[in-house]
Amino acid sequence: MPRELFIAKVLKNCANKPDKTALIRSDDGLTVSYGELKNYISGAREALIKANVRKGDRVMLNAAHDFNFIFLYLALHSMGAVAVPLDPGMTRERYLTVKESAGPVLCLWSDASMPDSVGYDAFLNPADEDFEIAATEDDLADIMFTSGTTGKPKGVALKQATIAAAVNNINMFIGNGEDDIELCPMPLSHSFGLARIRCNLYAGATLVLENGVSRPKHLFQSLDAYNVTGLSMVGAAWTILSRLSGDKLGNFANRLKYVELGSAPLPPESKARLASLLPNTKTCMHYGLTEASRAAFLDFRADSERLESVGRASPLCEIAIFSPDGEKLAAGEEGEVCVRGDIVFPGYLEDEHNREAFFPGGYMRTGDLGLLDENGYLRLTGRIKEMINVAGEKVSPYDVERELEACPGVGEAACVAMPDPLLGEAVAAFIVPAEDASPDPSAILSALKNRLQTYQTPKIVKIIERLPRTVSGKIQRAALKERL
Amino acid sequence: MDDANKEKLFGVVAATFEIDPATVSADMAVGSIPQWDSLGHLGLISAIEEAFEVSFDVDELFEVETVGDFMELLDKEL
């Protein structure tokens, strides 16, 4: 079903409500109205055209937690160019790998510190010029890079139509509208934070950018000062905020209309606690992937008896469980969780990743194991792919193992997920010393600094004599988990 | 705070974030280095509680944003 493009709706909001506040930066109170937003998009667009960016071209840019990224991201969408948002904290090595895969015509990095990158400054001059939207629903809009199970980054290609469907899907469930003011303390490079930008600007609402949850006093002042009605954060951020502020979020029980938590394991008691602190608020959590944003939603109050589940299929998504050979399974039977619908991405950038990405009928394979009950609630039971979910960030064990094996004294390495009360899961590393070597775990962790991102860094490093392997030589990760 | 405890605190901060103790100051705050993000903040709190054998309550932690704030907190606790 054709839907209004995300960028078309944002620009309509800019035209219809130019004086309304679109963005607030809580660190200094700086605001941007919808009218100003349009001018920044227009100016960025002109500068991008001058830099020879054309419809269909790919542009990499670091998604710093600031307005500038948003202006450039929207300008690229308006031109029909493809945005490749990147984590500002990514390593130089990963940047280069992604660059090779993405094939960008331009790399924008705030301070031009990455190889062959251009700084943001020349692209941020507002211009009061009207322009036509060049994008159509079949055009590629974003490429989001995630970690693949082989350690090579995978480019998740999202079309304009996929993004329009995802925005509608989320806003339909949450029920947020133009009167809402949402505070987002999450990184904008992650699909969760990026989706919150889209959902708020599409609705004509106001988005407050808050820099993390580690300054609770500041965050609560922002909730108060900007009359915030919505809050979005990952489960780990709620756990941290809870540790730093106790029950204080309850003081906003009559002001917050909704709180959306991101997709990562969270104990049922943490969900119940949030719902009890905010009895009049829609408190919910989603299950999803970059490939299928918000496949399921769990409403902590309406679904209070099913808090161990990840909820039911979201409005524009269908969930089914499949056997390994592609047979759809009945309720109560365990198998691979598969999703289909307009919110599901059309495919990866690299063909090698597409071969086993879908089952017939357009069902995307999530790599998660689970079962649906007779009422459609999805319970996750494990994972087929060996990814580790650290507070919503997917970590490939192969990426970490490669770095570990490059450390002096390390013969072999294997990583598995370990339960973590804060992060949901953390990385646990097992290493086999090289011959005649006695590697020191703390020295290894120090050596990994700057080579891995914080969430990829193992929480524990255990030395073992040999890695358990199958007859064919495959590492038995389940056996390693039992040794944690 | 006496010099010994100050040095000890700065040492804990340096060890937590894997930085040179000479770069730690009372003005250093959440977000001033990439390692001091939300997770780093929680890690620092645990490391300080363990090193000084104290337990901070929520009302105390609510206000803390800098190394200097931790110094004030410890002054009350020790």
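Quick note: structure is the one above.
Reference entry: report on the structure contained in this document. (Residues numbered from 1 in each chain as written. Chains lettered and ligands numbered in written order. Predicted model: local features only at pLDDT ≥ 70, side-chain atom pairs only at ≥ 80, totals over all residues. Heavy atoms only, no water.)

Here's the deal with the environment of A:Val344
Residues and elements named next belong to chain A. Along the polypeptide, Val344 turns up in the loop between β16 (335-340) and β17 (347-348). Its relative accessible area of 10% is what places Val344 among the buried residues. Once the C-alpha coordinates of Val344 and Lys99 are considered, the two residues, 245 residues apart in sequence, prove to be 24 Å apart. In this structure, Val344 is in contact with Thr162, Glu291, Ala292, Val339, Phe358 and Met364, ignoring residues within four places of it in sequence. (Helix = DSSP H or I, 4+ residues; strand = E, 2+ residues; numbered from the N terminus. Buried < 20%, exposed > 50% of the residue type's maximum accessible area, 1.4 Å probe, protein only. Contact = heavy atoms within 4.5 Å.)

As for the sheet that holds strand β14 (residues 312-313) of chain A
Residues and elements named next belong to chain A. Across the sheet, 9 strands lie side by side as β2-β1-β9-β8-β10-β11-β12-β13-β14; this open sheet has mixed pairing. At either margin of the open sheet sits one strand with a lone partner, and together these are β2 (30-33) and β14. For strand β10 (residues 230-233) and strand β11 (residues 258-261), the ladder comprises 4 bridges, and the chain directions are parallel. Looking at β11, one finds that Gly230 is bridged to Tyr258. (Pairing = 2+ DSSP bridges.)

Some remarks on the packing of aromatic side chains
Across all of its chains, the model carries 13 aromatic pairs over all chains by this definition. Here A:Phe173 and A:Phe297 contribute two aromatic rings whose centre-to-centre distance is 4.0 Å and whose plane-to-plane angle is 0°, an arrangement assigned as stacked. Pair noted here: A:Phe173 is in helix α5 (residues 160-174) and A:Phe297 is in strand β13 (residues 292-299), with a separation of 124 residues, a long-range link. Take A:Phe173 and A:Phe297: they sit in the same class, and that class is buried. Members of the aromatic cluster, joined through ring pairs, are A:Tyr40, A:Phe67 and A:Phe71. A cation over an aromatic ring shows up here: A:Arg477 above the ring of A:Tyr398, its NZ or CZ 5.3 Å from the ring centre. The cationic tip of B:Lys8 hangs over the ring face of B:Phe52; the distance from NZ or CZ to the ring centre is 4.5 Å. (Phe/Tyr/Trp six-rings, centres within 6.5 Å; stacked < 30°, edge-to-face > 60°. Lys NZ or Arg CZ within 6 Å of the ring centre and 35° of its normal.)

Let's talk about the interface of chain A and chain B
A common way to report how large an interface is uses the accessible area buried once the components associate. Counting residues at the interface gives 18 residues for chain A, matched by 18 residues for chain B. Taken over both partners, the interface formed by chain A and chain B buries close to 1,700 Å², and the fraction arising from carbon and sulfur atoms is 63%. Taken as a group, A:Lys217, A:Arg243 and A:Leu244 account for 35% of the area that chain A buries against chain B, more than any other trio of residues on that side. Inspection of the region where chain A meets chain B yields 3 salt bridges. Its salt-bridge partner being B:Glu63, residue A:Lys217 comes within 2.9 Å of it at the nearest N-O pair. (Buried area = accessible area lost by both parts, 1.4 Å probe. Salt bridge = Lys/Arg side-chain N within 4 Å of Asp/Glu carboxyl O.)

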